[in-house]
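Structural features, examined
The primary structure of each chain is shown beneath.
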Amino acid sequence: MKPTVIRKGREYVRDAVRMKSNRYGITIYLDGTMPYGELLLAVRKKFEASAHFFKDADMAVEFNGRTFTEDEELQMVETIEEASGVHILCIIDKNDSAEKMYKRVLDESRNALHAEDGMFYRGTLRGRQILEAEKSIVIIGDIEEGATVVSKGNVVVTGTIHGTVIAGADGNYEAVIAARYIRAVRLRVGEIRLKPVIGGSYSWARLL
């Protein structure tokens, strides 16, 4: 289906916001030139009009056509969630739009977010910040150099790990560390130091 074309003055402007969904996520195509405030309002209206399609769904999201700062991206995610009731588990890099990638990241996030088995943290850990978790944790953001995450379960990061990550801190040697990219040299499962397996769509660190 072709996007709607709206006449504005002497110009014809295509929809500022278009969506394409599959079973596991949504690709949102955004106008690359519209001022951010206007685009945010357009996104809110679009998702309010489509709210009955989503209704409490858990999804991964990919933004296409626009680059955001971290604060802009967070505000965009919060606007979509408020307008539609959808629960955005993670944001997918635009190069990973294949449905298989959506499913894998979504399943990882869901597994760690079970009420009795995990927790959720949105934001980038910086400097000397330390995040401790009694259960598995999904981090929507990066772990920068100097920051530390300690979890008794798995650690799944949708961004890049530069800092220190300890999974299975209570001796669970089946725990896994996973991230979009791993640039860290300080990774542990329990008391055992690991090197990541880098390649494909995700990077992993686990005991074999």
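As a starting point, this report considers the structure included with it. (Residues numbered from 1 in each chain as written. Predicted model: local features only at pLDDT ≥ 70, side-chain atom pairs only at ≥ 80, totals over all residues. Heavy atoms only, no water.)

1. Comments concerning the environment of Arg180
- Inspection of the secondary structure puts Arg180 in strand E13 (residues 176–182).
- Separated by 22 residues in sequence, Arg180 and Thr158 have C-alpha atoms that sit 5.4 Å apart. (Helix = DSSP H or I, 4+ residues; strand = E, 2+ residues; numbered from the N terminus.)

2. Considering the nonpolar core
- Core analysis: the biggest nonpolar cluster contains 24 residues, and Ile28, Leu30, Leu39, Phe47, Phe63, Met76 and Ile80 have the highest contact counts within it.
- Listed by contribution, the elements that provide at least two residues to this core are strand E4 (25–30), helix H1 (36–49), strand E5 (58–64), helix H3 (70–84) and strand E6 (87–91).
- Ranked by residue count, the leading element in this core is H1, at five residues.
- Core analysis: the next-biggest nonpolar cluster, separate from the first, contains 22 residues, Ile137, Ile177, Val189 and Leu194 among them. (Core = buried A, V, L, I, M, F, W, Y, C linked by side-chain atoms within 4.5 Å. Buried < 20%, exposed > 50% of the residue type's maximum accessible area, 1.4 Å probe, protein only.)

3. Regarding the sheet that holds strand E15 (residues 192–194)
- Pairing is mixed in the open sheet, where five strands are placed in the order E8-E10-E12-E14-E15. If you trace the sheet from one side to the other, it starts and ends with strand E8 (130–133) and E15, each paired once. Within the sheet, the average angular offset between the axes of one strand and its neighbour, ignoring direction, is 15 degrees.
- As judged from the three bridges shared by strand E14 (residues 187–189) and E15, these two strands associate in the antiparallel manner. Within the sheet, the bridge partner assigned to Arg188 lies in E15 and is Arg193. (Pairing = 2+ DSSP bridges. Axes fitted to C-alpha atoms, helices over the stretch in contact; angles between N-to-C directions.)

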